[in-house]
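# Geometric and topological summary
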Amino acid sequence: MTEPPFDAFRYAHEHRKEVVWMSQNTNHLVPPEIASAAIEEALRERRYEGYPFAPGLPELRDLVTADFGFSSDEAVQITSGGTEALYMLARALLSSGDEVIASDPSYLIIHKFVELSGSRTRNLEIYQPPFRLTSDAVRAAIGPKTRMILLIDPLNPLGSGYPESEVRAIAELAQDHKLWILNDVTYRDFAEHHTLARTFAPSETITVWSVSKNCGLAGLRLGGLAGPKELVQRIARYNTNDLGVNILAQVAAAATLRTKSRWLGSVLAQTRANQQRIRDVVATVPGTSLPVYPSQANMFVIDLAKAGVAPEELQKELLLKHGVFLRSGSYLSPKFGGQFIRASFSNPPKDIEAFAKAFPAAVATVRPRASAVARAS
Ligand SMILES: Cc1ncc(COP(=O)(O)O)c(C=O)c1O
């Protein structure tokens, strides 16, 4: 009998109390009492017994509108995670034969949704400087079937961000060629500077947002999209949560967004200190390097190509022997996934110290194994 393949997520969830979670760009730095007080109050009031107000808590909608500066011509749709928004808009705006300009590496779940609607992504290779799309590359890739540009900013997994001039140039291309821009801004709050594509192409842009990463609420599954009112209505036809999104998630998101100015500064300071610490550790391990530094998000990739180490092997060694969970690249890149592992770092300092101990040791263990396999083959 052959052994079933190792399931890192099953293992990590089974050992979740011991595992250092640096694998999903989640945020473990937001003061936990903010969300828990809001959820406890909603539990005491037994708000879970009724359906929520279907369009979403008015306060939550207002907070999102104010946070992004959306105008009265724009609508906000609240969904069960940004993921549901991404699925809905792919269904609503794409059809068979359409093409979406995207990148490799990328957040590939979006590519999967594009494919489900019968379309395909045209993945521009960006695992080289500047490690993001450029307006020149996008312009060259536009063809008769192009319908959409996927602009994830900052970009998961690389951590690269777009300068305002490039956002403007891509927005102008979308206007000139009558294309949609899917502006996924899940990691916006981590960036030093950020420009929404809707600033330059308000009629063409659908902004997808989330409270999973900035607000540290990934397990509650809340996010949404926003755009011109008629466009949001068109997308909302594909809303499966017709009876509203989980009320506990909504009250927690409202409480966390309401207090954002109080806690965001310290989350960013710790996240930035952590990425410096990781950079210093990576610098001590021969053959490993950071393609993008500093990251504009709360993750980046560690390149392993010159270390001769397979990311899957390293992921397994880090998790099983050291209890540190990073994500191997194959999940994020068809072409370059064999070269890197992704680390996220909105974690308390003790987690980063666990990484600092584990990473050099795990690479040292996996490296001779990789060389032995290479010699034998
Ligand atoms: C670029 C990007 N968009 C969307 C999501 C999913 O967000 P949510 O948790 O709100 O569904 C992620 C999660 O990692 C992401 O990286």
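What you see is a predicted model, and the numbers here were worked out from it, not measured in a lab. (Residues numbered from 1 in each chain as written. Predicted model: local features only at pLDDT ≥ 70, side-chain atom pairs only at ≥ 80, totals over all residues.)

## Re the sheet that holds strand β12 (residues 340-344)
Put simply, the rule is: Strand pairing requires that DSSP identify at least two bridges connecting the strands. Numbering of helices and strands runs from the N terminus, with a helix taken as a DSSP run of H or I at least four residues long and a strand as a DSSP run of E at least two residues long.
The strand order across the open sheet formed by three strands is β9-β12-β11, and the pairing between neighbours is antiparallel. For this open sheet the edge positions go to β9 (299-303) and β11 (327-328), each flanked by a neighbour on one side alone.

## Remarks on helix α7 (residues 164-177)
Keep this limit in mind: Here the expected length of a helix is defined as 1.5 Å per residue gap, with one fewer gap than residues. Three exposure classes are used, based on other C-beta atoms lying within 10 Å of a residue's own C-beta, which is placed from the backbone: buried for 20 or more, exposed for 12 or fewer, and partly exposed in between. Read the arc as the range of directions from the helix axis to the C-beta atoms. We call two residues in contact whenever the C-beta atoms placed from their backbones are within 7 Å.
Here α7 spans 20 Å end to end across 14 residues, near enough to the 20 Å set by a 1.5 Å rise per residue. Restricting attention to buried positions, one finds in α7 the residues Glu-166, Val-167, Ile-170, Ala-171, Leu-173 and Ala-174. Angular distribution of buried residues about the axis of α7 spans 155°; they occupy a single face of the element. Away from its buried face by more than 90 degrees, α7 exposes Glu-164, Ser-165 and Asp-176. Residues of α7 that are buried in the fold lie against α6 (135-141), β5 (146-152) and β6 (180-184). The first or second residue beyond α7 is Lys-178, which carries a positive phi of 55°.

## Some details on the site of the ligand
Stated formally: Using a C-beta atom placed from the backbone, a residue is described as near a molecule or strand when that atom lies within 6 Å of it. Classes in brief: Ala, Val, Leu, Ile, Met, Phe, Trp, Tyr, Cys and Pro nonpolar; Asp, Glu, Lys and Arg charged; the others, Gly included, polar.
Looking at the ligand, there are 13 residues lining it, with Gly-81, Gly-82, Thr-83, Ser-210 and Ser-212 nearest. Ranked by residue count, the leading element in the shell around the ligand is helix α4 (residues 81-93), at three residues. Taken together, the residues of the shell around the ligand break down into three nonpolar, nine polar and one charged.

## Considerations on the domain arrangement of the protein
Operational definition: Boundaries of every domain are those given by an automatic assignment or by a domain database.
Domain annotation of the protein identifies domain 1 (8-30 + 261-369) and domain 2 (32-258). The gap between the C-alpha centroids of domain 1 and domain 2 is 25 Å. Split into classes, the residues belonging to the side of domain 1 that touches domain 2 amount to 13 nonpolar, 10 polar and two charged.

## As for the nonpolar core
Heads up, the condition is: Here, a nonpolar core denotes buried Ala, Val, Leu, Ile, Met, Phe, Trp, Tyr and Cys residues that are linked to one another through C-beta atoms within 7 Å.
With 112 residues, the main nonpolar core has Leu-89, Ile-149, Leu-150, Ile-181 and Ala-253 as its most contacted residues. Tallying contributions element by element places helix α9 (residues 247-258) first for this core, with eight residues. Split by domain, this core shows at least three residues from each of two domains, domain 1 (8-30 + 261-369) and domain 2 (32-258). Setting aside residues no more than four positions away along its own chain, Leu-150 makes contact with Val-100, Ile-101, Ala-102, Ile-110 and Leu-182.

## Thoughts on the packing of helix α2 (residues 32-44) against α9
Condition: Note on method: axes are straight lines fitted to C-alpha atoms, helices fitted across the in-contact stretch only, with angles between N-to-C directions ranging 0 to 180 degrees. The labels follow the angle: roughly parallel below 35 degrees, roughly antiparallel above 145, roughly perpendicular from 65 to 115, and oblique for the rest. Take the far helix as your reference; a near helix turned counterclockwise from it by less than a right angle gives a left-handed crossing, and one turned clockwise gives a right-handed crossing.
Running from N to C, α2 and α9 cross one another at 140°; their axes reach a closest spacing of 8 Å. When the interaxial angle is binned, α2 and α9 end up oblique. The crossing of α2 and α9 is right-handed. The segment α2 lies against α9, with Ile-34, Ala-35, Ala-37, Ala-38, Ile-39 and Ala-42 engaging Ile-247, Leu-248, Val-251, Ala-252, Ala-255 and Thr-256. Here the contact of α2 with α9 is composed, by residue class, of 11 nonpolar, one polar and no charged.

## Regarding the pairing of β9
With five of five residues buried, β9 lies mostly within the body of the structure. The alternating pattern of β9 places Met-299, Val-301 and Asp-303 on one face and Phe-300 and Ile-302 on the opposite face, and all of these are buried. Direction of pairing for β9 relative to β12: antiparallel, over a ladder of five bridges. Note that in β12 the partner of Phe-300 across the bridge is Ala-343.

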